[in-house]
Amino acid sequence: MWVGTQIDTTKLEHIKADRKGILEEKVSLAKQSVGLDALLIWAHGDPQSIDTLCELCAGMGIETYLWYPILADIPDFEIPKSAKVVNHEGRRGYGEIGRWQRLGTYASGREKFEFLCPNSEETISQIFNLYKNQLNRHDFDGVFLDRIRYPSAAMGFEMLFSCFCDNCKRMFKQQFNMDLQNLRSAVEAHFGKRDIYSIDLIKNAGSIHEILYPEVMGNFLIFKNRSVYKVVKKFSDYAKTKGKKVGLDLFSHSLAGAVSQDYELLSTACDWIKPMIYCHSTGPAGFPLELHSIIHSLLTLNRDLKLEGVAAGLSDILKVKLPETLNLLMTNGIPEELIFYEIKNINMLNLKSGVDIYPGFEVMKMDDLCVITEKILGSYLDNVFAQKAKGMVMSWDLLDMPAENLDFTKRYLREHTG
Ligand SMILES: [Zn+2]
């Protein structure tokens with residue numbers, strides 16, 4: 001069992017002395033307890049701490065990855081307004097419907113989840129240069145690419161239908177010989193429909209993706225998938241030329257289609273994928289928040305819908321029962337068996353051979369985001385093992401990971417592996 005975890009050294013910035021001692025203690029503990037194989041190091045943070053981590057890990061046989069966000073929350077970079085995604089109404093960045101209430105205040109506003117358009121080539125080139133500098137500045141074994149998507153429902157439901165910027169118009173015309181303006185009109189018509197998102201549609205859909213998008217969007221969705229892929233390939237190719245491995249942080253399969261992450265296509269540009277199968281976290285990519293935003297939006301757009309019917313339709317798709325109210329969805333999360341079904345679905349895809357799937361799940365106790373008890377952790381691990389996953393990523397942060405959860409995982413791994 002390959003075990004990875006993540007670390008954000010910006011949290012050490014307020015500590016003046018002995019950052020090295022703290023890092024050494026945390027990394028050694030993870031190595032001794034769960035046999036840590038890889039540490040994914042957030043791109044921002046004091047360079048000395050990052051160097052310290054690279055040295056410590058090299059000495060303990062742990063691979064290090066530069067954890068780099070590409071299309072949002074880029075370190076030391078302000079996204080120009082002109083590069084932000086544009087929805088059919090001309091709004092940039094965030095939408096309105098079902099938007100996450102804590103947006104902007106989350107992690108002291110450092111993580112904004114405000115996305116730039118993957119086709120903003122000039123801006124992407126600037127970010128690419130920052131990435132190259134960071135990758136060459138430290139001695140990493142690989143890169144772990146994050147924020148490689150369009151906005152999710154948590155950024156406002158309408159943003160699921162972006163982007164209509166001038167670059168997208170030009171490139172869509174080139175690829176499909178179609179005017180993107182026509183699709184923009186189709187999206188406007190979609191939102192103006194009286195029976196938008198009918199209960200029959202929700203009941204009969206085979207995927208969340210099928211519920212969200214009308215058929216007329218077909219080529220546009222392919223275009224969006226390719227747009228994300230093109231950016232990932234640019235960053236991945238560079239890492240490969242430097243002899244580095246490439247891991248991808250993707251939305252879990254059921255939600256990936258809505259943010260234009262095509263697992264099969266993206267698997268051609270990486271060595272492994274971490275599907276974020278967060279059943280309890282109430283932040284972006286977490287199922288409770290993303291489902292909350294989707295359900296809330298559907299109920300807002302079609303006042304005839306009832307929560308019960310929508311939840312039943314989504315439960316059928318996900319194969320796990322959703323809680324009875326939106327409040328319970330946020331406080332209790334959803335059953336951890338979701339990991340089993342998500343990995344099962346991913347394993348049925350035609351991924352590039354040799355690309356491993358390392359499910360990512362939360363191991364934290366953070367009052368405002370998720371509280372993972374031993375019971376939940378045990379259930380997560382049972383489902384990871386039931387699917388014979390080759391590895392896993394304990395998310396997110398080694399610096400605040402509860403010692404009892406590390407210890408529980410250690411005992412679990414001893415019992416279940418040779
Ligand atoms: Zn665009």
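Presented here is a report on the structure given in the accompanying data block. (Residues numbered from 1 in each chain as written. Predicted model: local features only at pLDDT ≥ 70, side-chain atom pairs only at ≥ 80, totals over all residues.)

### Some words on the overall build of the chain
Phase 1: Along the backbone of the chain there are 16 helices and 11 strands.
Phase 2: Dimensions of the chain along its principal axes, counting C-alpha atoms only, are 60 × 45 × 40 Å.
Phase 3: Looking at the chain as a whole, 47% of its 418 residues are labelled buried.
Phase 4: At a minimum sequence separation of 6, the contacts of the chain that also span at least 24 residues come to 80%. (Helix = DSSP H or I, 4+ residues; strand = E, 2+ residues; numbered from the N terminus. Buried ≥ 20, exposed ≤ 12 C-beta atoms within 10 Å, placed from the backbone. Contact = placed C-beta atoms within 7 Å.)

### Thoughts on the pairing of strand β4 (residues 142-146)
Phase 1: Along β4, five of the five residues are buried, which leaves the element largely enclosed by surrounding structure.
Phase 2: Side chains of β4 alternate between two faces, with Gly142, Phe144 and Asp146 and Val143 and Leu145 buried alike.
Phase 3: Summarising the sheet, strand β3 (residues 63-69) and β4 pair through five bridges and their orientation is parallel. Of the residues in β4, the one forming a bridge with Leu66 is Val143.
Phase 4: The pairing of β4 with strand β5 (residues 245-251) spans four bridges and is classified as parallel. (Pairing = 2+ DSSP bridges.)

### A few points about the pairing of β5
On any regular strand, side chains alternate: one points to one face of the sheet, the next to the other face.
Phase 1: Of all the seven residues making up β5, six are buried; the element is thus mostly covered by neighbouring parts of the structure.
Phase 2: In this sheet, strand β6 (residues 272-276) lies alongside β5 in parallel orientation, the contact comprising five bridges. Paired with Gly247 across the bridge in β6 is Trp272.

### Some words on the packing of helix α1 (residues 19-34) against helix α2 (residues 47-60)
Phase 1: Viewed as axis vectors pointing N to C, α1 and α2 meet at an angle of 35°, and their least axial separation amounts to 10 Å. Crossing of α1 over α2 shows right-handed handedness. Packed against α1, whose contacting residues are Arg19, Lys20, Leu23, Glu24, Val27 and Lys31, the element α2 presents Ser49, Thr52, Leu53, Leu56, Cys57 and Met60 at the interface.
Phase 2: Of the residues that constitute the contact of α1 with α2, the class distribution is six nonpolar, two polar and four charged. (Axes fitted to C-alpha atoms, helices over the stretch in contact; angles between N-to-C directions. Left-handed = near helix turned anticlockwise from the far one by under 90°. Nonpolar A, V, L, I, M, F, W, Y, C, P; charged D, E, K, R; others polar.)

### Some details on the environment of Trp396
Phase 1: Within the secondary structure layout, Trp396 lies in strand β11 (residues 391-397).
Phase 2: Spatially, the C-alpha atoms of Trp396 and Asp8 are 8.6 Å apart, while their sequence positions differ by 388 residues.
Phase 3: Leave out the neighbours within four places in its chain, and Trp396 touches Gln6 and Met364.

### Some points on the nonpolar core
Phase 1: Grouped together as the largest cluster of nonpolar side chains are 129 residues, with contacts concentrated most on Leu39, Ile41, Leu145 and Val232.
Phase 2: Among the elements that take part in this core, helix α8 (residues 218-241) stands out by supplying eight residues, more than any other.
Phase 3: Sequence-distant contacts of Ile41, defined by excluding residues within four places in its chain, comprise Ile7, Ile50, Leu53, Thr64, Tyr65, Leu66 and Trp67. (Core = buried A, V, L, I, M, F, W, Y, C linked by C-beta atoms within 7 Å.)

### Observations regarding the environment of Thr417
Phase 1: Positionally, Thr417 belongs in the segment after α16 (403-416).
Phase 2: Expressed as a C-alpha distance, the spacing of Thr417 and Ile79, which sit 338 residues apart in the sequence, is 46 Å.

### A word on α1
Phase 1: Compared with the 22 Å implied by 1.5 Å per residue over 16 residues, the 22 Å span of α1 between its first and last C-alpha is a close match.
Phase 2: All buried positions along α1 are accounted for by Leu23, Lys26, Val27, Ala30 and Val34. Looking straight down α1, one finds its buried side chains confined to an arc of 90°; they lie on one side. Away from the buried face of α1 by more than 90 degrees, exposed residues Gly21, Glu25 and Gln32 are located.
Phase 3: At the exit of α1 stands Gly35, carrying a positive phi of roughly 60°. (Expected span 1.5 Å × (residues − 1). Arc of directions from axis to C-beta.)

### Structural notes on unusual backbone geometry
Phase 1: In the segment running from Ser162 into Cys163, the intervening peptide bond is cis, with an omega of 25°.
Phase 2: Position of Cys163 relative to the elements: it lies in the loop between β4 and α4 (166-176).
Phase 3: Residue Trp396 is bonded to the preceding Ser395 through a cis peptide linkage, with omega at -10°.
Phase 4: Despite not being glycine, Asn177 has its phi angle at roughly 50°, a positive value.
Phase 5: Mapped onto the fold, Asn177 is located in the loop between α4 and α5 (180-192).
Phase 6: The exposure class assigned to Asn177 is exposed, which follows from the 7 C-beta atoms found within 10 Å.
Phase 7: Phi is positive for Ser260, close to 65°, though the residue is something other than glycine.
Phase 8: Examined against the element boundaries, Ser260 turns out to sit in the loop between α9 (253-256) and α10 (263-266).
Phase 9: The exposure class assigned to Ser260 is buried, which follows from the 25 C-beta atoms found within 10 Å.

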